[in-house]
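Remarks on the overall topology
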Amino acid sequence: MLLKIDHSAKQPLHEQLAGQIRAAIVSGELKPGDKLPPARELASGLDVNVHTLLRALKTLKEEGLVDMRRGRGTAVTAAAPRVGRLAELADELVDEAKRSGMSKQQVLSLVEAKL
Amino acid sequence: MNTRRLVLGVMIPTGVITLMVIPYLVVRDRLPDRLATHFDGSGTPDASMTPVGLFLMMGLLLVVPGLLMLIATAVASGRMPRPAAPFLAGLGAFIATLGAGIIAETVISHRDLSSWTDAANPWFGVVLVILGAAAVGVVASVVAKGLPYDRMTPWFGPNPSGTAPRMELADAERAVFVETISAWWIVALGASFIAAAVTVAAFGQWFLAVVLAFSALPVLFFGSFRVQADRTGLATRSAFLGFRLVKIPIEDIRRATILDVEPMKWGGWGYRGSLKLAGSAALVMRRGPGMHVELSDDRVFVVTLDDPKTAAAILNAHAATPVASECRVR
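Note that the structure is predicted; figures quoted are calculated from it, not measured.

**Observations regarding helix H4 (residues 80–99) of chain A**
For an α-helix the count is 3.6 residues per turn, leaving residues at separations of three or four pointing the same way. All names here are of chain A. With 20 residues, H4 should reach 28 Å at 1.5 Å per residue; the first-to-last C-alpha distance of 28 Å fits that figure. For H4, the complete set of buried residues consists of Ala 80, Gly 84, Ala 87, Glu 88 and Ala 97. One or two positions beyond H4, positive phi appears at Gly 101, with a value near 75°.

**Quick look at the domain arrangement of chain B**
Residue and element names in this part refer to chain B. Looking at chain B, the domain boundaries give domain 1 (3–145), domain 2 (152–181 + 224–330) and domain 3 (184–221). Between domain 2 and domain 3, the C-alpha centre-to-centre distance is 33 Å. The partner domain 3 presents 5 residues to the 8 residues of domain 2 that form the contact. Counting each side, the surface lost to burial between domain 2 and domain 3 is near 650 Å², with a carbon and sulfur contribution of 80%.

**Side note on the pairing of strand S10 (residues 288–295) of chain B**
Residues and elements named next belong to chain B. With 7 of its 8 residues buried, S10 lies for the most part within the structure. Examined bridge by bridge, strand S7 (residues 253–261) and S10 share 8 bridges and lie antiparallel to one another. Looking at the pairing, Ala 256 lines up with Val 293 of S10. Relative to strand S11 (residues 300–304), S10 runs antiparallel, the two being bridged by 5 bridges. Pairing of Met 291 across the sheet is with Val 303, part of S11. The antiparallel hairpin formed by S10 and S11 contains 4 residues in its connecting segment, where Asp 298 sits at a positive phi of about 75°.

**Topic: the packing of helix H5 (residues 184–202) of chain B against helix H6 (residues 206–221) of chain B**
Residues and elements named next belong to chain B. Where H5 contacts H6, the two axes come as close as 8 Å, and the packing angle between them is 165°. The angle between H5 and H6 places the two elements in the roughly antiparallel class. Where H5 crosses over H6, the two elements pack in a sense that is left-handed. Along the contact surface, H5 presents Ile 186, Val 187, Leu 189, Gly 190, Ala 191, Phe 193, Ile 194, Ala 196, Ala 197, Val 200 and Ala 201, while H6 presents Trp 206, Leu 208, Ala 209, Leu 212, Ala 213, Ser 215, Ala 216, Val 219 and Leu 220.

**Looking at the interface of chain B and chain A**
The interface of chain B with chain A comprises 17 residues on the first partner and 16 residues on the second. When chain B packs against chain A, the two sides together hide about 1,500 Å² of surface, and 49% of this comes from carbon and sulfur. Put simply, Glu41(A) and Arg237(B) hold a salt bridge, and the shortest N to O gap is 3.0 Å. The interface formed by chain B and chain A contains 11 residue pairs in polar contact (both at pLDDT 80 or more).

**Structural notes on the pattern of salt bridges**
Pairs can form between side chains of opposite charge once their charged atoms are near each other. If you walk through the whole model with that rule in mind, you get 15 salt bridges over all chains. The partner of Arg85(A) in a salt bridge is Glu88(A), with the nearest N and O atoms 3.0 Å apart. Taken together, the residues span about one helical turn, with Arg85(A) and Glu88(A) both in helix H4 at a distance of 3 residues. With relative accessibility at 18%, the residue Glu88(A) sits in the buried group. Ionic pairing is found between Asp306(B) and Arg286(B), a salt bridge with its closest N-O pair at 2.9 Å. Of this pair, Asp306(B) sits in the loop between S11 and helix H7 (308–318) while Arg286(B) sits in the loop between strand S9 (280–284) and S10; the two residues are 20 residues apart in sequence, bridging distant segments of the chain. A network of salt bridges, in which partner residues are shared, links Arg22(A), Glu63(A) and Asp91(A).

**Observations regarding the sheet that holds S7(B)**
All names here are of chain B. Ordered in space as S7-S10-S11-S9-S8, the 5 strands form an open sheet in which the pairing is mixed. Two strands in the sheet have a free side with no partner beyond their single neighbour: S7 and strand S8 (270–274). Strand-to-strand twist across the sheet, computed as the mean angle between neighbouring axes with direction ignored, equals 10°. Where H7 meets the sheet, it contacts S7 and S10, and its direction lies at approximately 170° from that of S7.

**Focus: the packing of aromatic side chains**
All names here are of chain B. Using the criterion set out here, one finds 6 aromatic pairs over all chains in the structure. Look at Tyr 24 and Phe 55: their rings are 5.1 Å apart centre to centre, the planes differ by 65°, and that puts the pair in the edge-to-face class. Pair noted here: Tyr 24 is in helix H1 (residues 3–27) and Phe 55 is in helix H2 (residues 51–76), with a separation of 31 residues, a long-range link. Under the relative-accessibility criterion, Phe 55 is labelled partly exposed at 22%. Centroid distance Phe 221 to Phe 225: 5.8 Å. Interplanar angle 90°. Geometry classified as edge-to-face. Taken together, the aromatic side chains of Phe 221, Phe 222, Phe 225 and Phe 243 make up a single cluster linked through ring pairs.

**Re H1(B)**
Residues and elements named next belong to chain B. With 25 residues, H1 extends 34 Å from end C-alpha to end C-alpha; this agrees with the ideal 36 Å at 1.5 Å per step. The largest bend along H1 measures about 30° and falls at Met 11, with the proline Pro 13 one to four residues further on. All of the buried residues along H1 are Val 7, Leu 8, Ile 12, Pro 13, Val 16, Met 20, Pro 23, Tyr 24 and Val 27. Against the buried residues of H1 lie H2, helix H3 (84–109) and helix H4 (123–145). Measuring from the backbone nitrogen of Arg 4 back to the side-chain oxygen at the start of H1 gives 2.6 Å, which picks out Asn 2 as the cap.

**Some words on the packing of H3(B) against H4(B)**
Residue and element names in this part refer to chain B. Between H3 and H4, the least distance of the axes is 7 Å, while the angle of their chain directions is 155°. Here H3 is positioned roughly antiparallel relative to H4, judged by the angle of their axes. The element H3 and its partner H4 pack so that their crossing is right-handed. Across the interface between the two elements, Ala 85, Pro 86, Ala 89, Gly 90, Ala 93, Phe 94, Thr 97, Leu 98, Gly 101, Ile 102 and Glu 105 of H3 pack against Gly 125, Val 126, Val 129, Ile 130, Ala 133, Ala 134, Val 136, Gly 137, Ala 140, Ser 141, Ala 144 and Lys 145 of H4. Considering only residue class, the contact of H3 with H4 consists of 15 nonpolar, 6 polar and 2 charged.

Thresholds, definitions, all that
Residues numbered from 1 in each chain as written. Chains lettered and ligands numbered in written order. Predicted model: local features only at pLDDT ≥ 70, side-chain atom pairs only at ≥ 80, totals over all residues. Heavy atoms only, no water. Helix = DSSP H or I, 4+ residues; strand = E, 2+ residues; numbered from the N terminus. Expected span 1.5 Å × (residues − 1). Buried < 20%, exposed > 50% of the residue type's maximum accessible area, 1.4 Å probe, protein only. Domains from an automatic or database assignment. Contact = heavy atoms within 4.5 Å. Buried area = accessible area lost by both parts, 1.4 Å probe. Pairing = 2+ DSSP bridges. Axes fitted to C-alpha atoms, helices over the stretch in contact; angles between N-to-C directions. Parallel < 35°, antiparallel > 145°, perpendicular 65-115°, else oblique. Left-handed = near helix turned anticlockwise from the far one by under 90°. Salt bridge = Lys/Arg side-chain N within 4 Å of Asp/Glu carboxyl O. Polar contact = N/O pair within 3.5 Å; in protein donor to acceptor, adjacent residues only side chain to side chain. Phe/Tyr/Trp six-rings, centres within 6.5 Å; stacked < 30°, edge-to-face > 60°. Bend = angle between axes of the 7 residues up to and from the residue. Nonpolar A, V, L, I, M, F, W, Y, C, P; charged D, E, K, R; others polar.

Shown next as structure tokens:
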């Protein structure tokens, strides 16, 4: 798994980190059940604060991509490959909506209409 | 002659022999025929030896082997890998002093006794001897640290034909490569130990269960590793137990190349060789693609990876000697 971030980019580091890990899940590099390396080791290699990385992991947890258990580390969930692609698409949707100046309500009703 | 060699090869051995012989010569005429050499739990002597027997036993078991180790270190440290001399000198000085000290303690504590059965429990003297021997061992070890040592020729050679990919990273960019490499058969072996431990525990065989569980630890340690390459260097840790196996700081890395690992060429499966002792090591979990890391002092580390290209590209991007500069024409 390759994680690459840019400290000079506009996008916040925790978003870049979450995006990179999500991409590794979607591409199949990280499979369900795989454990992520300890946050401390990853953070030092990427030159980021551990809390920044934990924030990214929290996002992924809320998306249902990883499971975090005290003392047992962070593992990719069984549902991750499916949900991961959706989360990526949702990211794109929100980005695009922001660019075109849509309100939160407009985006929500757009999605709702499609369901 | 080097002072350190003099201390290890002459001074400490002379001291050990003095400790062994002088007390005996002094109290020889005041000793009983036999000396107590073993004590039961309550401190009553229950076995004895003649002085000659004691000298022979301690001499052959401890003093002579210890002195040989010391003298060999003093003479041949230049042909030993770096950590060998302090280890050999320390251990040799410890066991030689221990043997001589036990002889001295036994002899001194028997002076003016009419029979070995009157000997007192020597625990205090024995503790003193062990502490003294440990102190001499530490001194010898520290002295031996400064001896010249052999810069080992690596067991495993360079990889001149391997390509060295390089990742282009901007100043503010950071990249980390992580891969977990496992040998399923080692993991299965470790898991079967754990299963056996649980089974015997269910039958109340606690001692056996603990032994089995502890035997599983080294097996699991070598079953699966997490390899991480980043701007700080290359690290391999046991995926199950977390211990670090190898850490190569980026400053020590000259270049990383790709190769096809043929296990028998690299000493077989598992962790082969040693970066410290043999100047080269290989972590081989299977046949196939791997990364060859060349250190700035010509040492070599090889590890099997599914994606050696990315790992090598990151290391080369941060390596002390940029790969491109090797090709620069002057």
